Amino acid sequence: MQPIGIFGGTFDPIHFGHLRIALDLFECLNLREVRWIPCAQPPHRMAPVASAAQRLHMVRAAVQGEKAFVVDDRELRVVGPSYTVNTLISLRSEFPDTPLCLIVGGDAFSSLHTWHRWQELIELAHIVIAHRPGWALPAAGAVFDFLQSRFTNEQSHLHEQCAGSVLASAVTQLDISGTRIRQLIKAGRNPRFLLPNTAIGLIDTYQLYR
């Protein structure tokens, strides 16, 4: 069974760093698709600058034409904080027999124990850690202790079961951040080549990050 990749975030704005990671994992892990899920109200950080509708518009414009990518607005239709566990429960009800792969960065994985009902995530999906080449898993801590028996180097495990494995995958990580893009735009500088022109066009249309 080909798994579905789950890629959540604020995407404020979406940029080439996001897009390259998603495409790397789609190809390397033989995923059926990567499902982009913009969050409305992130529990662990300040509220996004762009509105939910604006960020959704930018994501749709950025991935348009790439058949590997699907945009999913389910978190934007929920009132209150965007908790990943609730999103996975919703996806699991929609895809009861399909493997799901929750994509997280190395830093996010290390702080997974701060997420709402984090210990339930592994029962709903596999966890794929997208990291820079040379990155190493933490050797101790609450997350490591809980998931130690779940770590695998076998990609086949992601296809054979619907959930339950943790796999680390090196990806092309570009040194691009939404914070830096917003700073450049605020300073009147050109963000071209950091994010798709379709997203830049919408930033100009909405007069974002000025």
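Residues numbered from 1 in each chain as written. Predicted model: local features only at pLDDT ≥ 70, side-chain atom pairs only at ≥ 80, totals over all residues. Heavy atoms only, no water.

1. Some remarks on the sheet that holds strand β2 (residues 33–38)
For step 1, the next point in the chain: Overall, parallel pairing links the six strands, which are arranged β3-β2-β1-β4-β5-β6 in an open sheet. Since the sheet does not close on itself, it has two edges, and those belong to β3 (69–71) and β6 (166–170), each with one partner. Across the sheet, the mean angle from the axis of one strand to that of its neighbour is 30 degrees, orientation sign disregarded.
For step 2, the next point in the chain: The pairing of strand β1 (residues 4–9) with β2 spans six bridges and is parallel. In the strand pairing of β2, Phe7 is matched with Trp36.
For step 3, the next point in the chain: In the packing of helix α1 (residues 16–28) onto the sheet, the strands contacted are β1, β2, β3, β4 (100–105), β5 (126–131) and β6, and the crossing angle to β2 comes to about 150 degrees. (Pairing = 2+ DSSP bridges. Helix = DSSP H or I, 4+ residues; strand = E, 2+ residues; numbered from the N terminus. Axes fitted to C-alpha atoms, helices over the stretch in contact; angles between N-to-C directions. Contact = heavy atoms within 4.5 Å.)

2. A look at the pairing of β2
For step 1, the next point in the chain: Within β2, six of the six residues are buried, leaving the element largely enclosed by the surrounding structure.
For step 2, the next point in the chain: The two faces of β2 match: Glu33, Arg35 and Ile37 on one face and Val34, Trp36 and Pro38 on the other face are all buried.
For step 3, the next point in the chain: Following the chain from β1 across α1 to the adjacent parallel β2, one finds a crossover that is right-handed.
For step 4, the next point in the chain: Note that β2 and β3 share three bridges and pair parallel. The residue of β3 that forms the bridge with Trp36 is Val71.
For step 5, the next point in the chain: Traced from β2 through helix α2 (residues 52–63) to β3, the parallel crossover comes out right-handed. (Buried < 20%, exposed > 50% of the residue type's maximum accessible area, 1.4 Å probe, protein only. Right-handed = clockwise from strand over helix to strand, strands pointing away.)

3. Some thoughts on the pattern of salt bridges
For step 1, the next point in the chain: Tallied over the full model, the rule gives 10 salt bridges.
For step 2, the next point in the chain: Ionic pairing is found between Glu33 and Arg35, a salt bridge with its closest N-O pair at 2.7 Å.
For step 3, the next point in the chain: Owing to a relative accessible area of 10%, Arg35 belongs among the buried residues under this scheme.
For step 4, the next point in the chain: Taking the shortest distance from any N to any O, the salt bridge between Glu120 and Arg117 comes out at 2.9 Å.
For step 5, the next point in the chain: Through salt bridges that share partners, Glu33, Arg35, Asp72, Arg74 and Glu94 make up one connected network. (Salt bridge = Lys/Arg side-chain N within 4 Å of Asp/Glu carboxyl O.)

4. Examining α2
For step 1, the next point in the chain: The end-to-end C-alpha separation of α2 is 17 Å, in line with the 16 Å expected for 12 residues at 1.5 Å each.
For step 2, the next point in the chain: Burial in α2 covers these residues: Gln54, Arg55, Leu56, Met58, Val59, Ala61, Ala62 and Val63.
For step 3, the next point in the chain: Here the buried face of α2 lies against α1, β2, β3 and α9 (197–206).
For step 4, the next point in the chain: Directly beyond the C-terminal end of α2, a positive phi value near 95 degrees is found at Gly65. (Expected span 1.5 Å × (residues − 1).)

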